[in-house]
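# Notes for the structure review
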Amino acid sequence: MSETHNPFEAMQARLRVASELYGLDDALFKVFMAPVRSMIVSLPVHMDDGRWEVFTGYRVQHNIARGPAKGGIRYDLHVNLDEIKALAAWMTWKTAVVDVPFGGGKGGIVCDPAHMSQGELERLTRRYTAEIMDILGPDRDVPAPDMGTNSQTMAWVLDTYSMHVRKTENAVVTGKPLGLGGSLGRPEATGRGVLITAREAMQRLGKPLAGATVAIQGFGNVGSQAARLLHEAGARVIAVCDNHGTTKNERGLDVHALLKHNQEARTVGGFKGGEAFDKEEVLTMPVDILVPAALENQITGLNAPRVRAKVVVEGANGPTTAEADPILLENGVLVVPDILANAGGVTVSYFEWVQNRIGFYWREREVNEKLVEYMTHAFHAVFSTTDKYKTNPRIGAYILALERVSQAMQHRGFYA
Ligand code: GLU
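Here goes a summary of the coordinates provided. (Residues numbered from 1 in each chain as written. Predicted model: local features only at pLDDT ≥ 70, side-chain atom pairs only at ≥ 80, totals over all residues. Heavy atoms only, no water.)

## Structural notes on the packing of helix H1 (residues 7–22) against helix H13 (residues 393–412)
- Running from N to C, H1 and H13 point in directions that differ by 70°, and their axes come no closer than 9 Å. Classed by the angle they form, the pair H1 and H13 counts as roughly perpendicular. Residue-level inspection shows Met 11, Arg 14, Leu 15, Val 17, Ala 18, Ser 19, Leu 21 and Tyr 22 of H1 in contact with H13, the latter providing Arg 394, Ile 395, Tyr 398, Ile 399, Leu 402, Glu 403 and Ser 406.
- A class-by-class count of the residues in the contact of H1 with H13 yields 10 nonpolar, 2 polar and 3 charged. (Axes fitted to C-alpha atoms, helices over the stretch in contact; angles between N-to-C directions. Helix = DSSP H or I, 4+ residues; strand = E, 2+ residues; numbered from the N terminus. Parallel < 35°, antiparallel > 145°, perpendicular 65-115°, else oblique. Contact = heavy atoms within 4.5 Å. Nonpolar A, V, L, I, M, F, W, Y, C, P; charged D, E, K, R; others polar.)

## Remarks on the site of the ligand
- Lining the immediate environment of the ligand, one finds 14 residues, of which Lys 70, Lys 94, Lys 106, Asp 146 and Ser 349 sit closest.
- Between the ligand and the protein, one listed contact pairs an oxygen atom with a side-chain N or O atom of Ser 349 at 2.6 Å.
- Relative to its unbound accessible area of 290 Å², the ligand is 94% covered by the protein chains.
- Mapped by element, the contributors of at least two residues to the shell around the ligand are strand E3 (69–76), helix H3 (81–97), strand E5 (141–145) and helix H11 (344–358).
- Within the shell around the ligand, the residues separate by chemical class into 4 nonpolar, 5 polar and 5 charged. (Near = heavy atom within 4 Å. Polar contact = N/O pair within 3.5 Å; in protein donor to acceptor, adjacent residues only side chain to side chain. Areas by Shrake-Rupley, 256 points an atom, 1.4 Å probe, with all protein chains shown as cover.)

## Quick notes on the side chain of Ser 183
- Within the secondary structure, Ser 183 is located in the loop between helix H5 (151–165) and helix H6 (189–204).
- A polar atom in the side chain of Ser 183 sits 3.0 Å from the side chain of Gln 355.
- Ser 183 has contacts with Leu 178, Val 348, Glu 352, Gln 355 and Val 367, leaving out every residue within four places of it along the chain.

## Here's the deal with the packing of H1 against H3
- Orientation of H1 relative to H3, taken along the N-to-C sense of each, is 35°, at an axis distance of 7 Å. On H3, the residues that touch Pro 7, Phe 8, Met 11 and Leu 15 of H1 are Asp 82, Glu 83, Lys 85, Ala 86, Ala 89, Trp 90 and Trp 93.
- Grouping the amino acids of the contact of H1 with H3 by side-chain chemistry returns 8 nonpolar, no polar and 3 charged.

## What to know about the pairing of strand E7 (residues 236–241)
- By the criterion of burial, E7 is predominantly enclosed, with 5 of the 6 residues buried.
- Note that strand E6 (residues 213–217) and E7 share 5 bridges and pair parallel. Each residue of the ladder has a partner; that of Ile 216, found in E7, is Val 240.
- Regarding topology, helix H7 (residues 221–232) serves as the crossover connection from E6 to the parallel E7, and that connection is right-handed. (Buried < 20%, exposed > 50% of the residue type's maximum accessible area, 1.4 Å probe, protein only. Pairing = 2+ DSSP bridges. Right-handed = clockwise from strand over helix to strand, strands pointing away.)

## Focus: the nonpolar core
- Grouped together as the largest cluster of nonpolar side chains are 90 residues, with contacts concentrated most on Phe 32, Trp 93, Leu 230, Ile 289, Val 291 and Val 313.
- If we skip the residues at most four places from it in the chain, Leu 230 touches Leu 195, Ala 198, Leu 209, Val 214, Ala 235 and Val 291.
- Counting residues in each nonpolar core, the second largest holds 24 residues, with Leu 121, Leu 124, Ile 132 and Val 173 among its members. (Core = buried A, V, L, I, M, F, W, Y, C linked by side-chain atoms within 4.5 Å.)

## What about the sheet that holds strand E4 (residues 104–110)?
- Taken in spatial order, the 5 strands of this open sheet run E1-E2-E4-E3-E5, and their pairing is mixed. In this open sheet, the two strands that pair with only one neighbour each are strand E1 (37–46) and E5. Strand-to-strand, the axes of this sheet are offset by a mean angle of 25°, without reference to chain direction.
- Direction of pairing for E3 relative to E5: parallel, over a ladder of 5 bridges. Counted as the bridge partner of Gly 72 is Ala 144 from E5.

Remember that the coordinates give geometry; whether it matters functionally is a separate question.
Rendered as structure tokens:
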């Protein structure tokens, strides 16, 4: 049987296993199997060459029992409803795992941002915001950047929303530019979360992070910041790949030089301090730590038997298929699951939202210290749940999240 690469089915498969083990109430299980709200919008946009193009956009809220929906907006040609539904559900579990008072949401637009001008992206973003306006808001649903979007995208969402409500509402999005109420430490927060959980995972194996070898798939915001922070913590980043190229150096890449190269060349390929390798090999290198920080469905039933890393820290959302999970477990690979490993971003998003609402801004050191506190606490909660239910850390993380979300739902009851 060929394995499913539908990310929503992959989420449901784990939810089913975790619910059975936890003994989740059947009614709640049915509720969690589908998002509470999915919105599909058609977005006419005036392109620079005078044509009108109509794009499809989505915003999905999977669960809002613990607070406003929270989650990024993704611009990519492969965006589809099932992917956004999966990502929204993962946000529900992620916000519960780090215990921040949000539910889970996600949005996306089917488009190719690399081939659009700033003007086209701005018009697209503003039209999208206007279309989903009714379900957005600091107390309803708070977007953030994701693949293909950035702080500028958030600034356009903020402005469009604010124009409609006739006041500046900077808590409507997170991951904003600093001058618009963004938080110090937010741009590298997901990468910092990867660093914190990688350190904890190595400690669990009785090994120091300093000197550990690392391979990273993806050099976008998450991959590049994780590379930098791991390098600065004394780990040896020996291989990195992105969409367009690869580079490796057994003695350890000079990550600062690589960041500089990547800024100019827009790829890690062609870096003078390393040599190219076959892209597929990044996942099967004999390293201490593997960080998949690109797309969904990268570690599959097919290549999982060849994964030789001791620890996999999932910087991306959904990089491992449900079929690969038992194979990694069997081979003794310690997986720090996405809903824990990449939760640093949404944790600092929460800090940003809090700072916006109190109107008082923290120093970077304060943000980073609080992030360490939240992430290490979450790490230990996930692993003690894992031990309690004698399961793997992914299912442990799902159970911890289920416990928290279902408690909130039970307290609230069903409105009928
Ligand atoms: N897009 C990021 C994620 O997948 C951040 C979401 C947020 O900060 O709301 O976790």
